[in-house]
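# Results of the structural survey
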Amino acid sequence: IPYLQELSSAAGETSFLAVYNSGDVVYLYKVEGTQSIVTTATLGSRRPAYCTALGKAILANLPIEESDRIFERSLEKLTDKTIVDRIRLHEEFARIRLSGYAVDDEGIEYGLYCLAVPVYDYTGRVVAAISVSGPVRRMDENREKIIEELRSIGGMISRRLGYVKAMRERV
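Just so it is clear, the model here is predicted, and its values are computed rather than measured. (Residues numbered from 1 in each chain as written. Predicted model: local features only at pLDDT ≥ 70, side-chain atom pairs only at ≥ 80, totals over all residues. Heavy atoms only, no water.)

### Some remarks on the overall build of the chain
Quick reminder of the rule: We count a stretch as a helix when DSSP gives it H or I for four or more residues in a row; a strand needs E for two or more, and each element gets its number in order from the N terminus. Radius of gyration means the value over C-alpha atoms here, while the globule rule gives 2.2 Å times the residue count to the 0.38 power. For every residue, the accessible area (1.4 Å probe, protein chains only) is compared with the maximum for its type, and the residue is labelled buried under 20%, exposed over 50%, or partly exposed between those bounds. Here a residue-residue contact requires only that any non-hydrogen atoms of the pair lie within 4.5 Å.
When you go through the chain residue by residue, the secondary structure sums to seven helices and six strands. For the chain, the N- to C-terminal ordering of α and β elements is α-β-β-β-α-α-α-β-β-β-α-α-α. Radius of gyration (C-alpha) of the chain: 15 Å, near the 16 Å computed for a compact globule of 171 residues. For the C-alpha atoms alone, the extent of the chain along its principal axes is close to 40 × 40 × 30 Å. Counting across all 171 residues of the chain, residues that qualify as buried make up 51%. Within the chain, contacts between residues separated by at least 24 positions form 58% of all contacts whose residues are at least 6 apart in sequence.

Next up, the structure:
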């Protein structure tokens, strides 16, 4: 909780913690920022993982068999920016693994832009993700600062869970 409060305070936007469950992300914690916007994501609610930054940050770091399981069902296009093409999603997962963060640019809600990073446990497995969400314009203006904060705080949380980066590189 203090890490998400710090993240939200630094970004001025809403931050979330979510976990993965059967193709969805489940929102476990939310901190409103000083400039927060209204979003339909509420604590305990579920959203399809393929169209949220939180979900993509997690899916990109799970075994490919898990994303293939999701792709067996029909992927709903929630906005005109929702990516439902499996090849494009796999390409995005590869980009996420390289950059270390995921993006949702109005893929689940119009006007909402979200950046997320994975959280790892002591075994090197992804166990959750944290994010910052806000209006497209404000998030774009502060994108680099927010990514830096997310990486820093995501790393701190992962280390608290026993994660060691060298271990992840062996997995």
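### Considerations on the side chain of Ser15
Definition in use: Identification of polar contacts relies on pairs of N or O atoms within 3.5 Å, with a donor-acceptor requirement for protein atoms, meaning one able to donate a hydrogen and the other able to accept it, and with residues adjacent in sequence counted only if both atoms are side-chain atoms.
Position of Ser15 among the secondary structure elements: in strand 1 (residues 14–21). By relative accessible area, Ser15 is classed as buried at 0%. At 3.1 Å, the side chain of Ser15 forms a polar contact with the backbone oxygen of Leu4. Ignoring sequence-local partners within four residues, the contact set of Ser15 consists of Leu4, Leu7, Ser8, Tyr29, Lys30, Val31, Ser131 and Val132.

### Quick look at the packing of helix 1 (residues 2–11) against helix 6 (residues 143–160)
The line we're drawing: Angles shown run from 0 to 180 degrees and are taken between the N-to-C directions of axes, each axis being a line fitted to C-alpha atoms and, for helices, limited to the stretch in contact. Angular relationships are summarised with four words: roughly parallel below 35 degrees, roughly antiparallel beyond 145, roughly perpendicular across 65 to 115, and oblique for the angles in between.
At a minimum axis separation of 10 Å, helix 1 and helix 6 run at an interaxial angle of 170 degrees. Classed by the angle they form, the pair helix 1 and helix 6 counts as roughly antiparallel. Contacts from Tyr3, Leu4, Glu6, Leu7, Ala10 and Ala11 in helix 1 reach Lys145, Ile146, Glu149, Leu150, Ile153, Met156, Ile157 and Arg160 in helix 6.

### A look at helix 1
We count it as follows: This arc describes the spread of directions from the helix axis toward the C-beta atoms.
Along helix 1, the residues classified as buried are Leu4, Leu7, Ser8 and Ala11. Here the buried residues of helix 1 occupy an arc of 95 degrees about the axis, which is enough to place them on one side. Counted as exposed and oriented over 90 degrees from the buried face of helix 1: Pro2 and Ser9. Where helix 1 is buried, its residues contact strand 1, strand 2 (24–31), strand 6 (126–135) and helix 6.

### Notes on the state of the cysteines
For the record, the criterion: Any cysteine sulfur atom paired with another within 2.5 Å is treated as part of a disulfide.
Per the stated rule, a full pass over the model turns up zero disulfides. The structure places no disulfide on Cys51, whose sulfur is separated from the nearest cysteine sulfur, that of Cys114, by 11 Å. Residue Cys51 is classed as buried on the basis of its relative accessible area of 3%.

### Here we look at the pairing of strand 5 (residues 112–120)
This is how it is decided: By definition, two strands form a pair when at least two bridges between them are found by DSSP.
Summarising burial for strand 5: nine of the nine residues are buried, a large majority. In this sheet, strand 5 lies alongside strand 4 (residues 102–105) in antiparallel orientation, the contact comprising four bridges. Paired with Asp104 across the two strands is Cys114, which belongs to strand 5. Summarising the sheet, strand 5 and strand 6 pair through nine bridges and their orientation is antiparallel. Following the sheet pairing, Cys114 is matched in strand 6 by Ser133.

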